[in-house]
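This is what each chain is made of:
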Amino acid sequence: MTIALLGAGVMGSTLLAALVRSGHDPQDLLVSDTSAERAEEVSRRHGSRAVPAAEAVAAADIVLVAVKPQDMAALVEEVRDAVRPGALVVSIAAGISTDFLERRLPAGTSVVRVMPNTPALVDQGMSALSPGHHCSEEQLELARGLMASVGRVVVLDESHQDAVTAISGSGPAYIFYVVEAMIEAGVLLGLPRDTSTELVVQTLYGAATMIRETGTHPTVLREQVSSPGGTSVAALRALEDHKVRAAFLTAIEAAAVRSRQLSPPPD
Ligand SMILES: NC(=O)C1=CN([C@@H]2O[C@H](COP(=O)(O)OP(=O)(O)OC[C@H]3O[C@@H](n4cnc5c(N)ncnc54)[C@H](O)[C@@H]3O)[C@@H](O)[C@H]2O)C=CC1
Ligand SMILES: O=C(O)[C@@H]1CCC=N1
């Protein structure tokens, strides 16, 4: 199975590394980037082949597109004539609909829209897949298998993709932000930075593992930490005073709005 990866940036190279880890022959992975240097550097690292975009697409069973939404129209224009009949086009670009791609690709091209996230780098990714009009069950399974090699997968109606982008696509950024803030707070309280980092990271890992392994609702888990009249409720009250919950709602809504804005207007 030959896979063309178009765009070898943060997410493209993360997926490339994952494809190699999951047993794809690196020689069957053709990498293209407008920065030829980048495509070559990434390919040197993973054993894949750096190839111009149209050439990669002409040889590919799966075309995995990982360029920014703003670069998508130009890229599709560049490669459309090279897409093989029966090839599957998988796009991970925020805000780019299957309809946008189907209108620009040869008639009948199978498309799957995916929103992954960066924890794919450590095989703990979360991907949401939405098939286009011409995507068969078999092709959807192919895309599912591709993304399942880097974490969990859900298949969702495309109307949910802006919400997915705002929750799990951008989600790691919010979590890292909270982690940064907690580490800084530890330093404020006099802890050495590396100690504070270790305390915060293990607490995050432990809390995430508890949510997953116990299946208990986060509210109940939070209540278990909050002794009456104790330290946790004192902190949680300050978070409520600063409207942190409302800030999360507003922030995530802003991400979804931005995802919609990244959708090019209809022709
Ligand atoms: N970074 C993230 O956490 C996530 C990103 N995404 C999506 O993945 C896509 C890529 O994002 P990043 O990797 O963060 O961006 P990036 O800027 O790191 O990578 C994009 C790459 O595409 C290349 N490129 C641009 N035009 C090209 C063309 N015509 N042909 C070949 N390569 C071309 C650029 O040179 C760059 O190396 C975006 O559409 C984004 O919405 C989706 C989920 C998570
Ligand atoms: O920030 C972005 O636009 C991309 C999409 C989801 C995560 N990163």
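Rules behind the numbers
- Residue indices follow the written sequence of each chain, beginning from 1 at its first position.
- Chain letters start at A and ligand numbers start at 1, both assigned in the order the entries are written.
- The predicted nature of this model means local features are confined to residues of pLDDT at least 70 and side-chain atom pairs, given and counted, to a pLDDT of 80 or more, with totals for whole chains, interfaces and linings taken over all residues.
- UniProt positions are given in the numbering used here, feature names are shortened, and annotations may be inferred rather than shown by experiment.
- Pairing between strands is defined by DSSP: at least two bridges between them are needed.
- Strands are runs of DSSP state E lasting at least two residues, helices are runs of H or I lasting at least four, and both sets are numbered from the N terminus onward.
- C-beta atoms are placed from the backbone for every residue, and two residues are taken to be in contact when these atoms lie within 7 Å.
- Axes here refer to lines fitted to C-alpha atoms; in helices the fit is confined to the stretch in contact. Angles between the N-to-C directions go from 0 to 180 degrees.
- In this analysis, the expected span of each helix is defined as 1.5 Å times one less than the number of residues it contains.
- Comment: burial labels come from other C-beta atoms within 10 Å of the residue's own C-beta, placed from the backbone, where a count of 20 or more is buried, 12 or fewer is exposed, and between is partly exposed.
- This arc is taken over the directions from the axis of the helix to the C-beta atoms.

- Under an unreviewed UniProt entry, the name given to the protein is Pyrroline-5-carboxylate reductase, and the organism recorded is Ornithinimicrobium avium.
- Under the heading Sequence similarities (unreviewed entry), UniProt records this for the protein: "Belongs to the pyrroline-5-carboxylate reductase family."
- What UniProt states about the protein under its Subcellular location (unreviewed entry) heading is, verbatim, "Cytoplasm".

## Describing the sheet that holds strand S1 (residues 3-6)
- The strand order across the open sheet built from 8 strands is S3-S2-S1-S4-S5-S6-S7-S8, with neighbouring strands paired in mixed fashion. The outermost strands of the open sheet, each flanked by one partner alone, are strand S3 (49-50) and strand S8 (151-155).
- The sheet contact formed by strand S7 (residues 125-131) and S8 spans 5 bridges and is parallel. Counted as the bridge partner of leucine 129 is valine 155 from S8.
- Against the sheet, helix H6 (residues 137-148) contacts strand S5 (88-91), strand S6 (110-115), S7 and S8, and its axis sits at roughly 170° relative to S7.

## Observations concerning H6
- Across its 12 residues, H6 extends 16 Å between first and last C-alpha, which sits within 8% of the 16 Å expected from 1.5 Å per residue.
- Inspection of H6 places Gln139, Ala143, Leu146 and Met147 among the buried residues, and these make up the whole buried set. Taken end-on, H6 shows its buried residues confined to a sector of 90°, consistent with a single buried face. Exposed and oriented more than 90 degrees from the buried face of H6 are Glu137, Glu138, Glu141 and Gly145.
- Of the surrounding elements, those touching the buried residues of H6 are S5, S6, S7 and S8.

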